[in-house]
Amino acid sequence: MHVSLPLIAALLIGTGASDDAAKELDRLKVPAKLIPDKSQPLFLLRAEGVQIYKGMDKAGKLQWVLDAPGAVLLDYAIGAKVGTHTKGPVWEATDGSKLHGKLLAKEPAPNPQAVDWLLLEAKGDGGKGRFGSVTHIARIDTWSGRPPSAPPDKVGAVVEVRYQATYV
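Residues numbered from 1 in each chain as written. Predicted model: local features only at pLDDT ≥ 70, side-chain atom pairs only at ≥ 80, totals over all residues. Heavy atoms only, no water.

1. A look at the confidence of the model for the protein chain
Averaged over every residue, the pLDDT of the protein chain is 88; the share at 70 or more is 89%. Averaged pLDDT values over the elements of the protein chain bottom out at 46 in strand S1 (residues 10-14) and peak at 98 in strand S5 (residues 81-86). Here residues 1-11 scores under 50 on pLDDT; set against residues more than four positions off or in separate chains, the count is 83 contacts. Residue range residues 13-17 is modelled with pLDDT below 50. Its contacts to residues more than four positions away, or to other chains, number 24 contacts. (pLDDT = per-residue confidence, 0-100. Helix = DSSP H or I, 4+ residues; strand = E, 2+ residues; numbered from the N terminus. Contact = heavy atoms within 4.5 Å.)

Written out as structure tokens, the structure is:
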């Protein structure tokens, strides 16, 4: 089942609402499991950056494991930098407000070359600012970001893969 609320690569959700964000969620046919009950989209942000993978030995097999994102967050309407997305995962606004995310659900991206769409629970730092009312983050409308198909050549190898996503 899909819900008709707009979003592009990720979704910041809380109290308050944005008609533009809701329309984008609808246009993208975001799966219902990625939209928390009784929440409204607040705003859209576009993430541009990299997914950083490290080579690890898992059960005797070398493979790429996600270490961290490294992205700039841009205002969806005007393109101005409004924050960063880093290891944790953490989203930090230029006004100092900060969110830590905990994975709740994921869905394969419509494009198999793109990282999954996600729903995360967001825990703020108690501040106000841009992220003060955010309770959830949904990453949608992703582009690229998957690890290389060939395994790493050694443990500890690092690769950065460009990606884009939208956070509302």
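2. Some thoughts on the layout of surface pockets
Using a probe with the size of a water molecule, rolled over the atoms, empty space left in the structure can be pinpointed. In this structure, the largest pocket spans a volume of roughly 460 Å³. If you trace the largest pocket, you find 23 residues lining it, with Gln51, Leu66, Val115, Leu118 and Arg139 closest to the centre. When its residues are assigned to classes, the lining of the largest pocket shows 12 nonpolar, 4 polar and 7 charged. (1 Å grid on protein atoms, 1.4 Å probe; cavity = no way out; pocket = protein on both sides within 12 Å on 5 of 7 lines; lining within 4 Å. Points joined across faces, edges and corners; volume = space filled by probe spheres on them. Nonpolar A, V, L, I, M, F, W, Y, C, P; charged D, E, K, R; others polar.)

3. Some points on the pairing of strand S8 (residues 117-124)
Where strand S7 (residues 98-107) lies against S8, 8 bridges are found, and the strand directions are antiparallel. From the neighbouring strand, histidine 100 faces S8, where its bridge partner is lysine 123. (Pairing = 2+ DSSP bridges.)

4. What to know about the nonpolar core
Counting residues in hydrophobic clusters, the biggest one holds 24 residues, and the most contacted among them are Leu73, Trp91, Phe131, Val134, Ile137 and Tyr167. Among the secondary structure elements, those contributing two or more residues to this core are strand S2 (40-43), strand S3 (45-58), strand S4 (61-75), strand S6 (90-93), S8, strand S9 (134-144) and strand S10 (158-167). Considering each element in turn, this core owes the most residues, 4 residues, to S10. Grouped together as the second largest cluster of nonpolar side chains are 12 residues, Ile35, Leu119, Ala138 and Ile140 included. (Core = buried A, V, L, I, M, F, W, Y, C linked by side-chain atoms within 4.5 Å. Buried < 20%, exposed > 50% of the residue type's maximum accessible area, 1.4 Å probe, protein only.)

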